[in-house]
Amino acid sequence: MSSLRSCFVAAALVLAVVLQGSSVSEAQLTADFYDSTCPNASDIILAVLQDAFLSDIRIGASLIRLHFHDCFVNGCDGSLLLDNTDTIVSEKEAAGNNNSARGFDVVDTMKAALESACPGVVSCADILAIASEQSVNLTGGPSWTVLLGRRDSTTANRTLADENLPSPFAILDVLKERFINVGLNGDVDLVALSGAHTFGRAQCRTFNQRLFNFNGTNAPDPTLNATLLATLQQLCPQGGNTSVLTDLDLATPDAFDNRYFSNLLSNNGLLQSDQELFSTPGADTIEIVNRFSSNQTAFFESFVNSMISMGNLSPLTGTQGEIRLNCRRVNGDGDIFTRSSDADLISSF
């Protein structure tokens, strides 16, 4: 009898381990998450994205920036997409997003198409992850298998967005700290993900502090190429319109390639946070910039690894959060919300 009881106990323990393992496994992000519930999800998102590219060549850079800024605040949970309500203080108005984050209307179109095809299945957080990979690939960059299964948050955190999002004015030590604080590393991840600035645009206000009175010196940033400086001073004169746009990468502004790193070698990084990667004396990022500049394949491989790592930052899975039916508001809020239209969100990247 004792032997039989022991067998039952052992069997129960094995079953518990199996069930526990199954639960843990189901909570992980997987490449085939929507294969049975929404098998055409990626194709639906791609169709919307390709249509958006026809009228807005910058949309790829804007969407990957949304994914980046979403993941840096409590993980990749779609919180950035939430509008203001009586109970939610939107991250869209944090310093790193206000008047710069854009592409929300395209995300809305993607979500509406998915809701028509497979209602209540695909999360807004996963839409950002899929659209980011497609945006990179459509513009000449690498492709990768996007892991899926994220769920959407029911809250936003503007305070944390102000604290966590890297600033275009940041010095290297601060950039490293921001990356390390969210679980990425301050060397390869930082340099590789900064390489997304190989396409897109930036407003004068994100770099004009380098043009005339850098750090209170009454002189331009000495790490800024003289020819580029003269061009930017004409584009962004003192007291001028700070929302004027220019290319982040002067050479191939709409292509995803490694020219961003070549630009840094010739002091043609547009943002201070870009040039810091190469111009900070003794920095461990200098070697990485050099390597990526001379070897696009090395950049692409590191970028893919860093994007996957970023996409794995604290995702909500299983029964956590929800699958929002409207990316701008939590389920059950009805129509009581303040919509931020893209017309009010001037493009920065």
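Structure first, text after, so check above.
Because the structure is predicted, anything quoted here is derived from the model rather than measured. Residue positions are given per chain, counted from 1 along the sequence in the order it is written. Only residues with pLDDT of at least 70 are given local features in this predicted model, and only at 80 or more are side-chain atom pairs given and counted; all residues enter the totals for whole chains, interfaces and linings. Side-chain descriptors were evaluated using all non-hydrogen atoms of the structure, hydrogens and water having been removed beforehand.

Colleague: Would you mind going over the packing of helix α3 (residues 59-71) against helix α13 (residues 296-311) with me for this structure?
Modeller: When two helices pack together, their arrangement is given by the angle between the helix axes and the distance between those axes. Between α3 and α13, the least distance of the axes is 10 Å, while the angle of their chain directions is 50°. By the angle between their directions, the pair α3 and α13 is classed as oblique. Residues Ile64, His67, Phe68 and Cys71 of α3 touch α13, and the partners they reach there are Phe303, Met307, Met310 and Gly311. For this classification, Asp, Glu, Lys and Arg are treated as charged, while Ala, Val, Leu, Ile, Met, Phe, Trp, Tyr, Cys and Pro are nonpolar and the rest, including Gly, are polar. For the contact of α3 with α13, a count of residues per class yields six nonpolar, two polar and no charged. As a rule, the C-alpha atoms of each element are fitted with a line to give its axis, helices using only the stretch in contact, and angles between N-to-C directions run from 0 to 180 degrees. Each helix is a run of DSSP H or I of at least 4 residues and each strand a run of E of at least 2, with the numbering of both proceeding from the N terminus. Here the word oblique covers every angle except those under 35 degrees (roughly parallel), over 145 (roughly antiparallel) and from 65 to 115 (roughly perpendicular). By definition in these notes, contact holds between two residues if any of their heavy atoms fall within 4.5 Å.

Colleague: Please explain the pattern of salt bridges as it appears in this structure.
Modeller: A side chain of one charge can pair with a side chain of the opposite charge when the charged atoms of the two come close. By salt bridge we mean one thing: a side-chain nitrogen of Lys or Arg within 4 Å of a carboxyl oxygen of Asp or Glu. One pass over the structure, following the stated rule, counts 13 salt bridges. Across the pair Arg210 and Asp221 runs a salt bridge whose closest N-O atoms are separated by 2.9 Å. Taken as a pair, Arg210 in the loop between β1 (201-203) and α9 (226-235) and Asp221 in the loop between β1 and α9 lie far apart in primary sequence, eleven residues in all. Both residues of the pair, Arg210 and Asp221, count as buried. Counted as one network, the salt bridges with shared partners bring together Asp83, Lys92, Asp108 and Arg328. Type-normalised accessible area, obtained with a 1.4 Å probe on protein chains alone, sets the label of each residue: buried when under 20%, exposed when over 50%, and partly exposed for intermediate values.

Colleague: Quick question: what am I supposed to make of the state of the cysteines here?
Modeller: Simply put, the disulfide is a covalent bond whose two ends are the sulfur atoms of two cysteines. In what follows, a disulfide is any cysteine sulfur pair within 2.5 Å. For the structure on display, the rule yields four disulfides. Residue Cys38 pairs covalently with Cys118 via a disulfide, S to S 1.9 Å. Here Cys38, found in the loop between α1 (2-26) and α2 (41-55), pairs with Cys118, found in the loop between α4 (104-117) and α5 (124-138); they are 80 residues apart in sequence, far enough to count as distant. By the burial criterion, Cys38 is buried, and Cys118 matches it. Shown here is the disulfide that connects Cys124 with Cys327, its sulfur atoms set 2.1 Å apart. Because the sign of the S-S torsion sets the handedness, a value of about -100° for the bond joining Cys124 and Cys327 places this disulfide among the left-handed ones. One end of the pair, Cys124, is in helix α5; the other, Cys327, is in the segment after α13, and 203 residues separate them in sequence. Sequence-ordered numbering of the bonded cysteines in the protein chain gives a pairing of 1-4, 2-3, 5-8, 6-7.

Colleague: Got a minute to help me understand the packing of aromatic side chains in this structure?
Modeller: The geometry of an aromatic ring pair is captured by the separation of the ring centres together with the interplanar angle, meaning the angle of the planes. Aromatic pairs are defined between Phe, Tyr and Trp rings, using the six-membered ring for Trp, whenever the two ring centres lie within 6.5 Å; interplanar angles under 30 degrees are classed as stacked, those over 60 as edge-to-face, and all others as tilted. Scanning the entire structure with this criterion turns up 15 aromatic pairs. With 5.6 Å between their ring centres and 55° between their planes, Phe299 and Phe300 make a pair best called tilted. Each of the two residues, Phe299 as well as Phe300, counts as buried. Sitting over the face of the ring of Phe104, Lys92 holds its NZ or CZ atom 4.1 Å from the ring centroid. Distance and angle both matter: a charge sits over a ring if NZ of Lys or CZ of Arg is within 6 Å of the ring centre and within 35 degrees of the ring normal.

Colleague: Before we go on, may I ask you to explain the side chain of Ser153 in this structure?
Modeller: Position of Ser153 relative to the elements: it lies in the loop between α5 and α6 (158-164). A 3.5 Å cut-off defines polar contacts: any pair of N or O atoms within that distance qualifies, except that in protein one atom must be a possible hydrogen donor and the other a possible acceptor, and neighbouring residues in sequence count only when both atoms are side-chain atoms. Of the polar contacts made by the side chain of Ser153, one reaches the backbone oxygen of Thr155; its length is 2.9 Å. Excluding residues that lie within four positions of it along the chain, Ser153 makes contacts with Asp77, Gly78, Ser79, Leu82, Leu316, Arg324 and Val330.

Colleague: How should I be thinking about helix α11 (residues 272-279) in this particular structure?
Modeller: Helical periodicity: at 3.6 residues per turn, an α-helix aligns residues three or four positions apart in one direction. Burial analysis of α11 places seven of its eight residues in the buried class, which makes it a mostly covered element. Taken together, the buried positions of α11 are occupied by Gln272, Ser273, Asp274, Gln275, Glu276, Leu277 and Phe278. Each element contacted by the buried residues of α11 is listed here: α7 (172-182), α8 (188-194), α10 (259-265) and α12 (285-294).

Colleague: Would you mind showing me how to read the environment of Ser153 here?
Modeller: For Ser153, a relative accessible area of 3% corresponds to the buried category. Taking the C-alpha atoms as reference, Ser153 lies 7.4 Å from Leu316; in sequence the two are 163 residues apart.

Colleague: Can you walk me through unusual backbone geometry in this structure?
Modeller: Across the chain, the bulk of peptide bonds are trans and the bulk of non-glycine residues have phi less than zero. Here Asn218, not a glycine, exhibits a phi torsion of approximately 60°, which is positive. Structurally, the position occupied by Asn218 is in the loop between β1 and α9. One non-glycine residue with positive phi stands out, namely Ser314, at about 45°. Positionally, Ser314 belongs in the segment after α13. With a relative accessible area of 53%, Ser314 lands in the exposed category.

Colleague: Can you walk me through the environment of Thr252 in this structure?
Modeller: Summarising the element assignment, Thr252 is placed in the loop between β2 (245-247) and α10. C-alpha of Thr252 to C-alpha of Gly200: the two residues are 52 residues apart in sequence and 9.9 Å apart in space. Those residues in contact with Thr252 that lie beyond four places of it in its chain are Thr198, Asp257 and Arg259. One polar contact links Thr252 to Asp249, side chain to side chain, over a distance of 3.1 Å. A polar contact is formed between the side chain of Thr252 and the side chain of Asp257, at a distance of 2.6 Å.

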